[in-house]
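What follows is each chain in one-letter form.
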Amino acid sequence: MFNRIVSSLIPLFPKKFIWTFSKRYIAGESIEDALRVSHKLNEEGMMVTLDVLGEFIKDLDEAERNKQEYLQVIDRLTEEKIDGNFSVKPSSFGLLIDEEACYRHIREIVSKAAGYNNFVRIDMEDSKCVDREIRLFRRLHEEFPRNVGLVLQAYLRRTLDDLKALTPLHTPETPLNFRLCKGIYVEPARIAYKDHDEINQHYLEDLEYIFSHGFYVGIATHDQFLIDNAYRLIEKYGLKKDEYEFQMLYGVTPERRASILRKGHRMRVYVPFGKDWFGYSTRRLKENPQITSYIIKALFNRK
Ligand SMILES: Cc1cc2nc3c(=O)[nH]c(=O)nc-3n(C[C@H](O)[C@H](O)[C@H](O)COP(=O)(O)OP(=O)(O)OC[C@H]3O[C@@H](n4cnc5c(N)ncnc54)[C@H](O)[C@@H]3O)c2cc1C
């Protein structure tokens, strides 16, 4: 309740105040900020995935601008020889306005990344986007099988069925590559598991399906229970270090991140940046007021 009240008030707070906690989770406004943070993470032994903030656009002009920004980021990351790839949110390219236009924009981004032998991950957004994003992924994977991947959310009741339906696309020449996360949006119980333990149980079920079918996976979680069980499954399936990676959000649980690295696993950090950081921060808070408690903690625990 308290979190809900605080999160509904947050958009009214001054931007400068919001930045005091957002800066822990967001690299900054410019490409240069993202590159600086990425170099540092690379030096510390981690890969990155860059996300240019800009969801929920109002018209296709904004989609065009977002695409141009990604194309520039792809060039800059390559020039700087950063070990990293890209994450895109299809709604930033008009998914809910014009699905075909969105496909063309993301296709151009994937095609550019493929030209550098790099990779684009399609983030998964709220439930009204899921069918559209899977369709998008299927089309792109057909043309760029090694350069595009999809996120799946373990809290959705449909996820194991989605994995099964996508399985026939997986061949040695067209390997599937997923990121598995819990899911961050507030969804109704009709379509999503709500209980923490139940979500974790389904996360592990999905992860085991992925491992047992030889798909590549980004294990995206900060939850120590899931991390420990992922170690167990990695051992059970005898996976090599380059057959999976762990993934965490920039600024979240750096000590857990370090402990995974010390055990010799690969780690990729999700680095959001861009001018829309304020909209991004306040939307995330409205979507999931629980995050407010992390922010309040961060406010009182600034080092
Ligand atoms: C790399 C990456 C990419 C993602 N991509 C997507 C996506 O495309 N679509 C989507 O719906 N969701 C995405 N998510 C978000 C994800 O779905 C979860 O909402 C989020 O990761 C929290 O779940 P958790 O597994 O860490 O478990 P939780 O049970 O939420 O958290 C476990 C523990 O981690 C710590 N923690 C978690 N979050 C924070 C925080 N913000 N600040 C401080 N501590 C924290 C706390 O100690 C907490 O107890 C992504 C997450 C990651 C790591």
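First, a word on what this report is: a plain description of the structure on this page. (Residues numbered from 1 in each chain as written. Predicted model: local features only at pLDDT ≥ 70, side-chain atom pairs only at ≥ 80, totals over all residues. Heavy atoms only, no water.)

**Considering the overall build of the protein chain**
Across its full length, the protein chain holds 12 helices and eight strands. The buried share of the protein chain, taken over its 303 residues, is 55%. Pairs at least 24 apart in sequence give 75% of the contacts found in the protein chain among residues at least 6 apart. Looking at the protein chain as shown, the accessible area adds up to about 14,200 Å², and 53% of this sits on carbon and sulfur atoms. (Helix = DSSP H or I, 4+ residues; strand = E, 2+ residues; numbered from the N terminus. Buried < 20%, exposed > 50% of the residue type's maximum accessible area, 1.4 Å probe, protein only. Contact = heavy atoms within 4.5 Å. Areas by Shrake-Rupley, 256 points an atom, 1.4 Å probe, with all protein chains shown as cover.)

**Comments concerning the site of the ligand**
Taken together, 25 residues form the shell around the ligand, and within it Met 124, Lys 182, Gly 183, Thr 221 and His 222 come nearest. In this structure, Tyr 25 approaches the ligand through a side-chain N or O atom, which is 3.1 Å from a nitrogen atom. Arg 179 places a side-chain nitrogen or oxygen 3.2 Å from a nitrogen atom of the ligand. Contact with the protein chains covers 83% of the free accessible surface of the ligand, which is 940 Å². The set of elements that each furnish at least two residues to the shell around the ligand consists of β4 (148–153), β5 (177–181) and β7 (244–249). Top element by residues in the shell around the ligand is β7. It accounts for three residues. Residues that form the shell around the ligand fall into these classes: 12 nonpolar, seven polar and six charged. (Near = heavy atom within 4 Å. Polar contact = N/O pair within 3.5 Å; in protein donor to acceptor, adjacent residues only side chain to side chain. Nonpolar A, V, L, I, M, F, W, Y, C, P; charged D, E, K, R; others polar.)

**Focus: the nonpolar core**
Counting 80 residues, the largest nonpolar core has Leu 140, Leu 150, Phe 178, Leu 207, Phe 211, Ile 219 and Phe 246 as its most contacted members. Here this core takes seven residues from helix α8 (residues 196–212), the largest share from any one element. With residues up to four places along the chain from it excluded, the contact list for Leu 150 reads Arg 121, Ile 122, Met 124, Glu 133, Ile 134, Phe 137, Leu 166, Asn 177, Phe 178 and Arg 179. Membership of the second largest hydrophobic core comes to eight residues, among which are Ile 18, Ile 26, Trp 277 and Tyr 280. (Core = buried A, V, L, I, M, F, W, Y, C linked by side-chain atoms within 4.5 Å.)

**Thoughts on the packing of aromatic side chains**
Across all of its chains, the model carries eight aromatic pairs by this definition. Pairing Tyr 70 with Phe 93 gives two aromatic rings, centres 5.7 Å apart and planes at 55°, and the pair type is tilted. Here the residue Tyr 70 occupies a position in helix α4 (residues 60–79), and Phe 93 occupies one in the loop between β2 (84–88) and α5 (99–115), the gap between them amounting to 23 residues. Here Tyr 70 matches Phe 93 in class, with each residue buried. Above the plane of the ring of Tyr 103 lies Arg 139, whose end atom (NZ or CZ) is 3.6 Å from the centre. (Phe/Tyr/Trp six-rings, centres within 6.5 Å; stacked < 30°, edge-to-face > 60°. Lys NZ or Arg CZ within 6 Å of the ring centre and 35° of its normal.)

**A look at the pattern of salt bridges**
Pairs can form between side chains of opposite charge whenever their charged atoms are close. Summed over all chains, the structure comprises 22 salt bridges. A salt bridge links Arg 76 to Glu 80; the shortest N-O distance between them is 3.3 Å. Judged by its relative accessible area of 28%, Glu 80 is partly exposed. For Asp 223, the salt bridge is made with Lys 182, and the minimal N-O distance between the two is 2.8 Å. (Salt bridge = Lys/Arg side-chain N within 4 Å of Asp/Glu carboxyl O.)

**A short note on helix α3 (residues 31–43)**
A rise of 1.5 Å per residue sets the reference length of α3, with its 13 residues, at 18 Å; its end C-alpha atoms lie 18 Å apart and thus fit the reference within 8%. Within α3, burial applies to Ile 31, Ala 34, Leu 35, Val 37, Ser 38, Leu 41 and Asn 42. The arc that holds the buried residues of α3, viewed along the axis, is 165°, so those residues lie on one side. Summarising the contacts, the buried residues of α3 are in contact with β1 (47–52), α4, α10 (254–262) and β8 (267–273). Trailing α3 by a residue or two, Gly 45 shows a phi angle of about 95°, which is positive. (Expected span 1.5 Å × (residues − 1). Arc of directions from axis to C-beta.)

**A short note on the pairing of β7**
In terms of burial, β7 is a largely internal element, five of the six residues being buried. Bridging between strand β6 (residues 216–220) and β7 involves four bridges; their strand directions are parallel. Note on β7: the bridge partner recorded for Ala 220 is Gln 247. Taking the sense of rotation as the criterion, the β-α-β connection linking β6, helix α9 (residues 224–236) and β7 turns out right-handed. Bridging between β7 and β8 involves four bridges; their strand directions are parallel. Pairing of Met 248 across the sheet is with Val 269, part of β8. With α10 bridging β7 and the parallel β8, this β-α-β connection has right-handed handedness. (Pairing = 2+ DSSP bridges. Right-handed = clockwise from strand over helix to strand, strands pointing away.)

**Examining the pairing of β1**
When you tally the buried positions in β1, you get six out of six residues, the bulk of the element. Going residue by residue along β1, you find Met 47, Thr 49 and Asp 51 tucked away on one face and Val 48, Leu 50 and Val 52 tucked away on the opposite face as well. Bridge analysis of β1 against β8 gives six bridges, and the strand direction is parallel. Within the sheet, the bridge partner assigned to Val 52 lies in β8 and is Phe 273. Bridge analysis of β1 against β2 gives four bridges, and the strand direction is parallel. For Asp 51, the partnering residue across the bridge sits in β2 and is Ser 87.

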